[in-house]
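# Architecture at a glance
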Amino acid sequence: HAHDKPQGRGRAVCSMLAHYVNGVAGERAGGFAAALTSGDRSFMDARDQEALRGSGLAHLLAISGLHMGIVGGLVFFMVWRTLALIEPLALRYTVRKPAAMAALMASLAYLIVSGASVSTQRAFIMALALFGAVIFDRAALSLRSLSIAMIAVIILAPWSVLTPGFQMSFAATGVLIASYEAWQRRQRETQGKPRRGAVFWMKSLVVTSTVSSLATMPFALYHFDRVAGMGLIANLFAMPIISLLSAPFAGAAMVLAPLGLSEYPLRAFGASLEAVLWVAHTFSDEAAGGTRFGKAMPAASLCFFAAALVGACVFKGVRARLSVAMAGTVIGASIWGLGSSAAIHWAPSGEVFLVNAGGNVERVAVLKGDGLAPLRFSDMSVSSTCENSECVRKVSGRTILISTSANIRCDALDGVDVLLRVVPNSCTIPETLTVMEWGDVQIENGVTLNIKRNASQKHIKPPCDRRPWRLCSN
């Protein structure tokens, strides 16, 4: 999104940081290291980016909660432990509060250096709520802190509510907090002792990866029409590397940078990321483009899935949570499965996408346009070509005629339900015939015709009115 790009002086600092990290971290993973530290992906190999998407590890590329948590968490831990070693100070004062203040300052510095994109601003606000809770003697990781962060983000950037980053990050964080609160509550009820060690750490890793993957799955399906089939396993292999190797090396580089000693930690950082890239390529669904569910998810289904997640987090008691979650999931899945998704989309790229009721898509090349194809269809191969010719296609019992010439035979319109024409002609158009014009596609940046039963209805886009928080562009 355009509003997610670093701007002004922040962009220059971000670019300088990316150049430096890319040069030091190593040839194989230098671009990945630059993307993780600065958000600049221009140095990354396209195959690596596709592998990260196909393996469900693309969340590592967006500077958000993970990166802000690494920076703020490392600073908080180091300052807290260092001050705890000073006995006179640790016995008289709560050393966690100055550690939280130092972590906030480090998070603010990272926000500025990384370019202050919207996703990074959102992560900083969440860090502000977390460390602020420590300063004011409140529970740091709680649904209350998450609510404060969400309210702040909505006030500062209300349009971000509709973005995948906002929805997926808050969904994953909320479900994780609710899961660990339930876990701790059960330990207290059973009078179990807090456990530590490798077994507890592995169990926490499995719970974190599983819960966050399930929480973000509905939003990934709605926005991208796919999920990484091996995403859970890939995260189980990659996140220990990020947590135990990459994060400490990145933190050491940040601490030693003012002394000019960041080169060796950055090299180790790049070496650890090479292992992450190996995991990504191993578990990537690159050939299949990820796991798809055929039909595009309707907005109503997403609302019920989101309600199921909220109910599972808010309601108390296992039965109540499971009941609400199952009810929302069943209703959402039913709407998704029973709804008709047949449609015709003429993209500004000049291609026509024919989607039948079962979710199968045919990509037809008609002409060369200046725009782009829809993201969810961008990796599909062209099924057929209709350049300089007339083509007839069928979609859910509807006859589609694609015409690129003004010399169309008028009798060819007999029995046609939808006409897609590049150039207007002099034929009389029957009232029962729906016409899609290439000129409208260019003006509206794409036209979609929804087919429901025996009717064809053009998808009406919301008007682009003036909004107080962000300029509106057609």
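Everything below is about the structure shown above.
Keep in mind that what you see is a predicted model, and the values were worked out from it rather than measured.

Along helix 11 (residues 231-256), the helix axis deviates most sharply at Ile242, where the bend reaches about 40 degrees. Every buried residue of helix 11 is accounted for by Gly231, Ala234, Asn235, Ala238, Met239, Pro240, Ile241, Ile242, Ser246, Ala247, Gly251 and Ala253.

As a further point, take helix 9 (residues 164-189). Counted at 1.5 Å a residue, the expected span for helix 9 with its 26 residues is 38 Å, and the 37 Å between its end C-alpha atoms agrees. Pro164, Phe166, Gln167, Phe170, Ala171, Ala172, Gly174, Val175, Leu176, Ile177 and Ala178 are the residues of helix 9 that are buried.

Here we come to the layout of surface pockets. In this structure, the second largest pocket encloses a volume near 1,000 Å³. Lining the second largest pocket are 33 residues, and of these Val175, Ser179, Ala312, Arg321 and Leu322 sit closest to its centre. Partitioned by chemical class, the residues of the lining of the second largest pocket number 24 nonpolar, 3 polar and 6 charged.

Attention now moves to the pattern of salt bridges. Pairing is possible between side chains of opposite charge, provided their charged atoms come close. Overall, the coordinates contain 8 salt bridges when judged by the stated rule. Salt-bridge contacts for Arg47 lead to Asp45; the nearest nitrogen and oxygen are separated by 3.1 Å. What makes Asp45 partly exposed here is its relative accessible area of 31%. In this structure, Arg421 and Glu437 form a salt bridge, with 2.6 Å as the shortest nitrogen-oxygen distance. Taken as a pair, Arg421 in strand 7 (residues 418-421) and Glu437 in strand 8 (residues 434-437) lie far apart in primary sequence, 16 residues in all. The pair formed by Arg421 and Glu437 is uniform in burial state, with each residue classed as buried.

With that settled, consider the packing of helix 9 against helix 10 (residues 198-224). Contact pair helix 9 / helix 10: the axes reach a minimum separation of 9 Å and the direction vectors enclose 145 degrees. Here helix 9 and helix 10 pass one another in a crossing that is right-handed. Residues belonging to the contact of helix 9 with helix 10 are distributed by class as follows: 15 nonpolar, 7 polar and 1 charged.

Calculation rules
Residues numbered from 1 in each chain as written. Predicted model: local features only at pLDDT ≥ 70, side-chain atom pairs only at ≥ 80, totals over all residues. Heavy atoms only, no water. Bend = angle between axes of the 7 residues up to and from the residue. Helix = DSSP H or I, 4+ residues; strand = E, 2+ residues; numbered from the N terminus. Buried < 20%, exposed > 50% of the residue type's maximum accessible area, 1.4 Å probe, protein only. Expected span 1.5 Å × (residues − 1). 1 Å grid on protein atoms, 1.4 Å probe; cavity = no way out; pocket = protein on both sides within 12 Å on 5 of 7 lines; lining within 4 Å. Points joined across faces, edges and corners; volume = space filled by probe spheres on them. Nonpolar A, V, L, I, M, F, W, Y, C, P; charged D, E, K, R; others polar. Salt bridge = Lys/Arg side-chain N within 4 Å of Asp/Glu carboxyl O. Axes fitted to C-alpha atoms, helices over the stretch in contact; angles between N-to-C directions. Left-handed = near helix turned anticlockwise from the far one by under 90°.

None of the figures reported here should be taken as evidence of function without further support.
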